[in-house]
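The chain contents come next:
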Amino acid sequence: MKFYICPEKQTVIEVVEGQQAPLTCDGKPMEELVPNSTEAAIEKHMPVLSIENGELKVCVGEVEHPSIEKHWIPFVAVKAGDLVLRRSIKATEKPEAVFPLGNFKGEVEVYAWCNLHGIWKATITA
C-alpha cells in the first residue's frame, strides 16, 4: 500500500493499482507518506495489534494517541492478502478499530495515519 499527501490541504490518497503517475494537488507534487519515518513518539503512534477468533484489534499506541480536533488518527487501514479494510476515526473517538479477518492466514499490514506525524505501520501474522 502506498499513500500520498497534499501538504497544503492535508488530503491523503491511496494508490490502489497500476503504475504510479506523478501525483499533484493544485499543480504541486504530492508527497509519499513513508511509514514510520517521522520523528514522533513511537509509543503514541505505532499500531498495537492482536488477533482473536478471526478479528484483528488495532489500538494506536501503547500509550493512547490524543484524539482532539488538531491532533488525531483520521484512519486505520489494513491489508491482508487481497483484502483491504479501512476505518475512518473522528477526532472525538478513541484511536481503535476492529476488523474481521475470517479465516485469513498470512501477514497482515496495518497503517495508522496521524494528521500531524505521518503514517505508521505494524505487521502481524494471522
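Shown above is the structure to which this text applies.
Residues numbered from 1 in each chain as written. Predicted model: local features only at pLDDT ≥ 70, side-chain atom pairs only at ≥ 80, totals over all residues. Heavy atoms only, no water.

Peer 1: I would appreciate a short explanation of the sheet that holds strand β1 (residues 2-6) in the present structure.
Peer 2: Working definition: the strands of a sheet are paired by backbone hydrogen bonds and lie parallel or antiparallel to each other. The strand order across the open sheet built from three strands is β2-β1-β5, with neighbouring strands paired in antiparallel fashion. Strands with a single pairing partner mark the edges of an open sheet, and in this sheet they are β2 (11-15) and β5 (31-33). Ignoring which end each strand starts from, the neighbouring axes of this sheet average 35° apart. Across five bridges, β1 lies against β2 in antiparallel orientation. From the neighbouring strand, Phe3 faces β2, where its bridge partner is Glu14. (Pairing = 2+ DSSP bridges. Helix = DSSP H or I, 4+ residues; strand = E, 2+ residues; numbered from the N terminus. Axes fitted to C-alpha atoms, helices over the stretch in contact; angles between N-to-C directions.)

Peer 1: Please clarify how the nonpolar core should be interpreted in this entry.
Peer 2: Grouped burial of nonpolar side chains is what soluble globular proteins tend to show. One finds Leu56, Val76, Phe99, Val108 and Val110 to be the most contacted residues of the largest nonpolar core, which totals 19 residues. When residues of this core are traced back to their parent elements, those giving at least two are β7 (55-60), β8 (75-80), β10 (96-100), β11 (107-114) and β12 (118-125). Setting aside residues up to four positions removed in sequence, Phe99 forms contacts with Gly54, Glu55, Leu56, Val58, Val76, Val78, Leu85, Arg86 and Arg87. One finds Phe3, Phe75, Tyr111 and Ile119 within the second-largest nonpolar core, a separate group that totals eight residues. (Core = buried A, V, L, I, M, F, W, Y, C linked by side-chain atoms within 4.5 Å. Buried < 20%, exposed > 50% of the residue type's maximum accessible area, 1.4 Å probe, protein only. Contact = heavy atoms within 4.5 Å.)

Peer 1: Which parts of the structure should I look at to understand the state of the cysteines?
Peer 2: In protein chemistry, a disulfide is the covalent bond that joins the sulfur atoms of two cysteines. Inspection of every chain in the model, using the stated rule, returns one disulfide. Disulfide pairing places Cys6 opposite Cys25 at an S-S distance of 2.4 Å. Across the S-S bond linking Cys6 and Cys25, the dihedral sits near -75°, which makes this disulfide left-handed. Of the two residues, Cys6 sits in strand β1 while Cys25 sits in strand β3 (residues 24-25), which places them 19 residues apart along the sequence. Comparing Cys6 with Cys25, the two get one shared label, buried. Just so you know, Cys59 is unpaired, no disulfide at all, and the nearest cysteine sulfur is the one on Cys114, 16 Å from it. (Disulfide = S-S within 2.5 Å.)

Peer 1: Quick question: what am I supposed to make of the pairing of β7 here?
Peer 2: A regular strand carries its side chains on alternate faces of the sheet. Of the two faces of β7, the one lined by Leu56, Val58 and Val60 is fully buried and the one lined by Glu55, Lys57 and Cys59 carries no buried residue. Sheet topology places strand β6 (residues 47-52) next to β7; six bridges connect them, and they run antiparallel. Note that in β7 the partner of Leu49 across the bridge is Val58. Hairpin connection of β6 to β7: two residues between the antiparallel strands, including Asn53 at a positive phi of 55°. Taken together, the five bridges between β7 and β10 define a ladder with antiparallel strand orientation. Note on β10: the bridge partner recorded for Cys59 is Glu96.

Peer 1: Would you take a moment to explain the pattern of salt bridges for this structure?
Peer 2: For side chains bearing opposite charge, pairing can occur when the charged atoms are close. Summed over all chains, the structure comprises seven salt bridges. Across the pair Asp26 and Lys9 runs a salt bridge, and its minimum N-O distance is 3.0 Å. With Asp26 in the loop between β3 and β4 (28-29) and Lys9 in the loop between β1 and β2, this pair connects stretches of sequence that are 17 residues apart. Salt-bridge contacts for Lys121 lead to Glu109; the nearest nitrogen and oxygen are separated by 4.0 Å. Here Lys121 is found in strand β12, whereas its partner Glu109 is found in strand β11, with 12 residues between them in sequence. Residue classification places Lys121 among the partly exposed residues on the basis of a relative accessible area of 26%. (Salt bridge = Lys/Arg side-chain N within 4 Å of Asp/Glu carboxyl O.)

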